[in-house]
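# Coordinates in review
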2 protein chains.
Amino acid sequence: MKLNILFTALFLSSLAFAQKTEKKNYQYINPLIGTQRMGHTFPGATVPFGSVQLSPDTDTIAYELNKKYNGKVYEYCAGYQHEDKTIVGFSHTHFSGTGHSDLGDFLIMPSTGELQLNPGTADKPLSGYRSAYSHANETATANYYKVKLDDNNITAELTASQRVGFHRYTFPSTEQAHIILDLMHGIYNHNEKNVWTFVRVENDTLITGYRQTNGWARTRTVYFAMAFSKSIKQYGARKYDENNIYKGFWRKFDESKNFPEQAGRNIRMYFDFDVKAGEQVLVKMALSPVSTAGALANMQAEIPHWDFDKTKHDGELLWEKELNKIKIETLTENDKVNFYTAMYHAFINPTVYMDTDGSYKGLDQNIHKADGFTNYTTFSLWDTYRALHPLFNIVQPTRNADMIKSMLAHYDQSVHHALPVWSHYANENWCMIGYHSVSVIADAIAKGNDDFDKEKALRACISSSNLKYFDGLEYYTSKGYVPEDKNGSSVSKTLEYAYDDWCIAQIAKNIGNKAVAEEYTKRSNNYKNVFDPAIGFMRPKMNDGTFKKDFDALDTHGQGFIEGNAWNYSLYVPQYPDELVKLNGGKEKFTQHLDSLFTMTLPDKYFANTEDITRDGIIGNYVHGNEPSHHVAYLYNWTGHPEKTQQRVRMILNGMYKPKPDGLGGNDDCGQMSAWYIFSSLGFYPVAPGSDQYAIGSPNIKEATLNLENEKTFTIIAKNQSPANVYVSKIELNGKLLDRTYLTHKEITQGGELVFYMSKKPKK
Amino acid sequence: MKLNILFTALFLSSLAFAQKTEKKNYQYINPLIGTQRMGHTFPGATVPFGSVQLSPDTDTIAYELNKKYNGKVYEYCAGYQHEDKTIVGFSHTHFSGTGHSDLGDFLIMPSTGELQLNPGTADKPLSGYRSAYSHANETATANYYKVKLDDNNITAELTASQRVGFHRYTFPSTEQAHIILDLMHGIYNHNEKNVWTFVRVENDTLITGYRQTNGWARTRTVYFAMAFSKSIKQYGARKYDENNIYKGFWRKFDESKNFPEQAGRNIRMYFDFDVKAGEQVLVKMALSPVSTAGALANMQAEIPHWDFDKTKHDGELLWEKELNKIKIETLTENDKVNFYTAMYHAFINPTVYMDTDGSYKGLDQNIHKADGFTNYTTFSLWDTYRALHPLFNIVQPTRNADMIKSMLAHYDQSVHHALPVWSHYANENWCMIGYHSVSVIADAIAKGNDDFDKEKALRACISSSNLKYFDGLEYYTSKGYVPEDKNGSSVSKTLEYAYDDWCIAQIAKNIGNKAVAEEYTKRSNNYKNVFDPAIGFMRPKMNDGTFKKDFDALDTHGQGFIEGNAWNYSLYVPQYPDELVKLNGGKEKFTQHLDSLFTMTLPDKYFANTEDITRDGIIGNYVHGNEPSHHVAYLYNWTGHPEKTQQRVRMILNGMYKPKPDGLGGNDDCGQMSAWYIFSSLGFYPVAPGSDQYAIGSPNIKEATLNLENEKTFTIIAKNQSPANVYVSKIELNGKLLDRTYLTHKEITQGGELVFYMSKKPKK
């Protein structure tokens, strides 16, 4: 609590200073938001969609040990937990907001005094190279992170370009200055994770190599080239076995000291320098998905110099450019911090995944060249199809089309002939459920952002939706539902497949393929097959056609759902909200049902095993910290009670997003939570991606200007905006009354002005 | 013994048949020579310098187990031992004649009946997929191997193109026909050898993937594309832990059956087919050092068809073309078999190491393109600098220059800035001693086969000869010898470094670099520093300058030598034979000394730990089975007794090389043993590679015609040739008396006729 107060105080004082000098948008970014508890964001340096995410890691406890000792297996998804007192070092790759993890490549840590090559433990930081630090000495801004390492009195600063991490270490007076390169370190480590590591000391300032891991991505290799700003005095290496025990070297050399070539499963290296008090040693670490030659070329292309401040500033300008796509006026500074930090978090993943020459490693592990597009990776699609990709279709249309081209390249390279499910670094990790790539494609097509091969895209969608061995699809395609006794989380799967099938039908309609449109429209009604009218909930059905007995609609586990209970998931028919209302007994009955969701008291026992969200991430039984309910607050628009949508949305905006480290009520999930914030703050939300409509809610800004890529602007004005005035009494689009609860994509992209008249009383 | 008789009988009968139809040279090739005991050759199919060596492996006992149970750790260097009764399967990469090993990639084995995915053991072949076989049902000829697998009554046939192994399996009537792909199998396996394996079933006839190992080559990856001639009915995979115990699968799929993507450390796969009795299933396995895409392109380029017999015949023609470079007439058919099989073994390694487009993986693990040359790998230089590369300078000059270009590319890519020592598959394994690349380069330059950058070559040689951390060079360069108490095998190292330094001096002289020539000429005299005149032998010197006490000049182990004792190694001053004679007390004393070497009786105890040679590989104390003495028989030329050279050479030719499986008295060592045979049979030998002279011995042929690349021919005629007429009474070169004991390279390459007049009495 003390830390939070300190944090807020520091932050407000920096705001106060900045205000005077006409503050830039990027200066509202606070990378520490979400770094405490369940946000799973990282505080380090990155540029928009950057291949490098250079950030401090506060723990390296291996997965197995973690599970054994405290059960917090998901705590270190982004490597950093704000409550931790020590920093292990600075690694170059991090997911933003995920609930499972990987990466943490190439940890660098400066130290002084007697060489320590083990990281040590958090309770005894002096036992290893890790260091205590204090938030009082920590700065995190757009593309910049700074911290004082207390154990060694070293100041560490980090910044980055697209593919290069840039470190600046200011050493105290010392006889022994080391920079450690820990090639064993990784996020979500376990004994078999490190597959192979290869390192060459090319000369007295350049190191190259690669690290190959078997983690969430089974076959992942990242190549690097690392340059020092001054000559190495001496260097060395140690190899370790799977249990972090020192392992001797072999062959005819003393490979432990000044031997320029290392290869093995687990390697740590150190580089020693002669430094004067206050001297700065800089390190550039370039990454490549292709080769060490590629990494070196990336470094030469992006940061040929040693001007740390220039790289930092270049990155700030890149963020400013992206943030300028939505200029806002808000009631409070906190709203601006929330909004621009949400944009920041929305623009981290997916990441660019190719060398400067367009080469990248494909899913088939061959090297491909991105021809005419930028190749992206890290597709957390179960999360991001909902609002992040729809947001991109408004403010990042070129990138979104390139992401779809990347997904189609994935399909081309897939031995499964499938689009990505959850993919990263040339691997499919198959995480979560559904084939939501089809939603991303359908949404882009529905919105005219379709500069890709649509016929091929439809073929890819059809193929993905018929992958027999995937998650019960064999049963779904033959029976119309996934039987719970054949394949778990069966209701969630059935519901999401049905929605995805509707998306495929939309694509087919768009390109005039009637047969496919009909077939998939039929499949899109499969949601009905798992609705049990007897209890009014979606409910798992068995292979014999009977519903599961002993059913608990409140429990998230073992009831046929994933990351959601029956209460939340039964509302998941985004493709047919009107039908959903009917299924639930009509508008009034459904309104009451929704009200109950938000107001009921959920017994604590239902939170015992939840790791993706915090207690704060829940309102009644409405779970905002997980994604399946993200559209739910907007469903009142279909029950004749848009004012309830307006009220709920404002409540969620202000309750679930706070400008502090523990301000996120759940995993940010590669920007999906943030995208929800951005859309809802602007006053509308894509309930059914794949349609061109946005459900209207209640804006949280005073004014917003969308600077579109087509050079048009779309302005949103909320008249009489105030914390109390959450209700919309009237809407005008380009001066004309807008008498409906939705907005179309074209109305945005053709430019114009949308005026909300806010009121503290709901409109009758 | 029975088997040998059978073998000889079969072979002679095939000869008898072939004689009638004007036999081709390639038909004299007998790949089974050297496959029994210590020859370490393989009997399978390959084309000249082929990237693929497709051959049966008769055991897969892992290194650790092997060591534990029978100590024969070096027995399976080529995967096949002629005395074994079972065949495990057919793998695609094999060294020829090495004393250490690696490779054995991608073992394929057909089987019927109940699926067995473990190889089983030799004593219980029915316990696994391996099969008993009989030499009566085995055929091995140039680029063709055939065997009946007795356990399943399957006939297996193998052939190959440059980069593709081609299998033809004839199945009996069976309900269950399997083809197993064992990706765990490897030669010289041990628990940590398999690093990663990746496989994709692309469609019902095509499999791709790679295998990455940590063996003799630390970081070695081989990529493959495998095609079947008919559709797979079903397929599956199993993963195993390091101890070959079945390991379950993970994630959301049943990956064990019909799941198209596999990744892990240890994987075996099976593919099932519907076959009729007598039906043939063909398999093409293409390799690439670069990628699966490269492997597939190699397959399409080299064997786009399914005509097994065509590929077999194409390979026979390639061998015929190479063998036609030396047309011989001999006293016996056996001499022809020996000679052409020696040429066959000489033209297996080094192997072509690049895709059809010239791409290959370099020592830095980056992909490079061979620009204007063919890239080769597998440089067993401690062996092959002696006679194999000199032989190439006569009959394979283009290939030898390309090999040097490959060595210079290795230097460019080496973080050690060194030329190859013993390199294979983008790795330096540092095996044995010396920096003998410099000899290969010096020899090529001395012989005018120098179409490469000579200035750069000299830089590379100088750098290689000053690699401080390599094998005592730090001491050698400062003290003039390697101290035994600092670095073992010190005398061998000192002697070989001194010879290598002489080679560098020759290169420097050639390009007019006097300073380097002087410096290295000085270094080339360092052999004197380890000669102990008190005992008349080279002897280990300690760091303090005193000679090692307790010295045994007969022992090969622990006395400062490697693969040789002081008796043999003390004769290793090939660069200065006259000086060596002087050092040993002059011509007569040295003649007696050499006589003693050949005639003394060596106590059996000195053979207890020898694994590279057989008892038959030794004459007195002269060890022909290892390389350090290969020049020794020719030293009599410098003592005024060339007739003793002539007699010894003929004795060795006829005693150490026999046309039968156990016919080689030691490891063939990538063709060095064979190259000795070829040179000596022709009547001369390169005592000091790097000079342009060949010491004249006693030819074993009746006539030989060298068809040179410059389109000239050099004919050697041995008049009055007979087994008894081993002495040369007169030599005429182009009709003129040649009154010296050497021949120059130019005399060969300008074409002409060399006539030996043979006699049963030595010339006075």
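Owing to the predicted nature of the structure, the values given are computational and were not obtained by experimental measurement. (Residues numbered from 1 in each chain as written. Chains lettered and ligands numbered in written order. Predicted model: local features only at pLDDT ≥ 70, side-chain atom pairs only at ≥ 80, totals over all residues. Heavy atoms only, no water.)

### Quick look at the overall build of chain A
Helix and strand counts for chain A stand at 19 helices and 38 strands. Expected size for 764 residues packed as a compact globule is a radius of gyration near 27 Å; at 26 Å, chain A falls within 12% of this value. Expressed as lengths along the three principal axes of its C-alpha atoms, the size of chain A is roughly 75 × 60 × 50 Å. By the burial criterion, 68% of the 764 residues in chain A qualify as buried. Restricting to contacts in chain A with at least 6 residues of sequence separation, those with at least 24 account for 70%. Carbon and sulfur atoms provide 49% of the accessible area of chain A, an area that totals close to 25,000 Å². (Helix = DSSP H or I, 4+ residues; strand = E, 2+ residues; numbered from the N terminus. Rg over C-alpha atoms; globule rule 2.2 N^0.38 Å. Buried < 20%, exposed > 50% of the residue type's maximum accessible area, 1.4 Å probe, protein only. Contact = heavy atoms within 4.5 Å. Areas by Shrake-Rupley, 256 points an atom, 1.4 Å probe, with all protein chains shown as cover.)

### Considering the interface of chain B and chain A
How big an interface is tends to be reported as the loss of accessible area on association of its parts. At the junction of the two partners, chain B supplies 49 residues and chain A supplies 49 residues. Summed over both partners, the interface of chain B with chain A buries about 4,100 Å², with 48% contributed by carbon and sulfur atoms. A per-residue breakdown of the area chain B buries against chain A is headed by Arg218, Lys252 and Val415 of chain B, which together make up 18% of the total. At the boundary of chain B with chain A, the tally comes to two salt bridges. With its nearest N and O atoms 2.8 Å apart, the salt bridge here joins Arg218 of chain A to Glu255 of chain B. The interface formed by chain B and chain A holds 13 residue pairs in polar contact (both at pLDDT 80 or more) in total. Of all the secondary-structure elements, those providing two or more residues to the side of chain B that touches chain A are strand E11 (194–203), strand E12 (206–213), strand E16 (261–264) and helix H3 (292–302) of chain B. By residue number, the principal contributor to the side of chain B that touches chain A is E11 of chain B, which donates seven residues. When the residues that make up the side of chain B that touches chain A are grouped by side-chain class, the tally is 19 nonpolar, 15 polar and 15 charged. (Buried area = accessible area lost by both parts, 1.4 Å probe. Salt bridge = Lys/Arg side-chain N within 4 Å of Asp/Glu carboxyl O. Polar contact = N/O pair within 3.5 Å; in protein donor to acceptor, adjacent residues only side chain to side chain. Nonpolar A, V, L, I, M, F, W, Y, C, P; charged D, E, K, R; others polar.)

### A few points about the domain arrangement of chain A
Residue and element names in this part refer to chain A. The assigned domain composition of chain A is domain 1 (26–309) and domain 2 (324–758). Here domain 1 and domain 2 share zero salt bridges between them. Joining domain 1 to domain 2, the criterion identifies 24 residue pairs in polar contact (both at pLDDT 80 or more). If you list the elements that add at least two residues to the side of domain 1 that touches domain 2, you get strand E13 (220–228), strand E18 (280–288) and helix H3 (292–302). Per-element tally for the side of domain 1 that touches domain 2: the top contributor is H3, with five residues. Residue composition of the side of domain 1 that touches domain 2, grouped by class: 22 nonpolar, 25 polar and seven charged. (Domains from an automatic or database assignment.)

### A closer look at the environment of Leu602 of chain B
All names here are of chain B. Residue position: Leu602 is located in the loop between helix H16 (587–599) and strand E29 (618–619). The exposure class of Leu602 is buried, given its relative accessible area of 6%. For the pair Leu602 and Gly89, spaced 513 residues apart in sequence, the C-alpha to C-alpha distance is 41 Å.

### Focus: the sheet that holds strand E19 (residues 326–330) of chain B
Residue and element names in this part refer to chain B. Strands sit in the order E19-E33-E34-E38-E35-E36 across an open sheet of six strands; the sheet is mixed. The open sheet terminates on both sides in strands that have one partner only, identified here as E19 and strand E36 (736–737). Of the strand pairs in this sheet, strand E35 (residues 727–733) and E36 are connected by two bridges, and their pairing is antiparallel. Residue Leu733 lies in a different strand from E36, and its bridge partner there is Lys736. (Pairing = 2+ DSSP bridges.)

### Structural notes on the packing of helix H7 (residues 388–395) of chain B against helix H8 (residues 397–413) of chain B
Residue and element names in this part refer to chain B. With their axes 6 Å apart at the nearest point, H7 and H8 run at an angle of 130° to one another. Compared by their axis directions, H7 and H8 come out oblique. For the pair formed by H7 and H8, the contact residues are His389, Phe392, Asn393, Ile394 and Val395 on the first element and Pro397, Asn400 and Met403 on the second. (Axes fitted to C-alpha atoms, helices over the stretch in contact; angles between N-to-C directions. Parallel < 35°, antiparallel > 145°, perpendicular 65-115°, else oblique.)

### Quick word on the state of the cysteines
Tallied over the full model, the rule gives zero disulfides over all chains. Not engaged in a disulfide, the cysteine Cys461 of chain A finds its nearest cysteine sulfur in Cys503 of chain A; these two sulfurs lie 8.6 Å apart. Residue classification places Cys461 of chain A among the buried residues on the basis of a relative accessible area of 0%. Here Cys77 of chain B is not cross-linked by a disulfide; its sulfur's nearest cysteine counterpart is in Cys431 of chain B, at 10 Å. A relative accessible area of 0% places Cys77 of chain B in the buried class. (Disulfide = S-S within 2.5 Å.)

### Let's talk about the relation of the copies chain B and chain A
With an axial shift of 0.0 Å and an RMSD of 0.0 Å, the rotation relating chain B to chain A amounts to 180°. Taken together, the turn and the small shift mark the pair as related by a two-fold rotation axis. The C-alpha atom lying nearest the rotation axis in chain B is that of Val195 of chain B; the distance is 3.2 Å. Here 100% of the interface residues in chain B have copies in chain A that are interface residues too; the copies meet face to matching face. (Least-squares fit on C-alpha atoms with pLDDT ≥ 70 in both.)

### Regarding the packing of H8 of chain B against helix H9 (residues 437–446) of chain B
Residues and elements named next belong to chain B. In contact at an axis separation of 11 Å, H8 and H9 are set at 140° when each is read in the N-to-C sense. Between H8 and H9, the angle falls in the class oblique. Both H8 and H9 take part in a crossing whose hand is left-handed. Along the contact surface, H8 presents Asn400, Ile404 and Met407, while H9 presents Ser437, Val440, Ile441 and Ala444. When grouped by side-chain class, the residues that make up the contact of H8 with H9 number five nonpolar, two polar and no charged. (Left-handed = near helix turned anticlockwise from the far one by under 90°.)

### A closer look at the pattern of salt bridges
The final tally for this structure, using the stated rule, is 64 salt bridges over all chains. Between Asp595 of chain A and Arg648 of chain A there is a salt bridge, with the nearest N and O atoms lying 3.2 Å from each other. Of the two residues, Asp595 of chain A is situated in helix H16 (residues 587–599) and Arg648 of chain A in helix H17 (residues 642–656); the sequence distance between them amounts to 53 residues. The same class applies to Asp595 of chain A as to Arg648 of chain A, namely buried. A salt bridge links Lys582 of chain B to Glu579 of chain B, with the shortest nitrogen-to-oxygen separation between them at 3.3 Å. Taken together, the positions of Lys582 of chain B and Glu579 of chain B, both in helix H15 (residues 577–583) and three residues apart, correspond to about one turn of that helix.

### Concerning the sheet that holds strand E31 (residues 684–685) of chain A
All names here are of chain A. One open sheet accounts for three strands, arranged E31-E32-E37; its pairing is antiparallel. The sheet terminates laterally at E31 and strand E37 (742–744), the two strands that pair on one side only. Alignment of E31 against strand E32 (residues 693–696), held across two bridges, turns out to be antiparallel. Across the sheet, Phe684 pairs through a bridge with Ile696, a residue of E32.

### Structural notes on the environment of Leu117 of chain A
Residue and element names in this part refer to chain A. Counting through the fold element by element, Leu117 comes out in the loop between strand E4 (107–112) and strand E5 (131–132). Judged by its relative accessible area of 9%, Leu117 is buried. Distance in space between the C-alpha atoms of Leu117 and Leu181 is 9.2 Å, their sequence separation being 64 residues. With residues near it in sequence (within four places) discarded, Leu117 still touches Tyr129, Ile180, Arg238, Tyr240, Arg268, Met269 and Tyr270.

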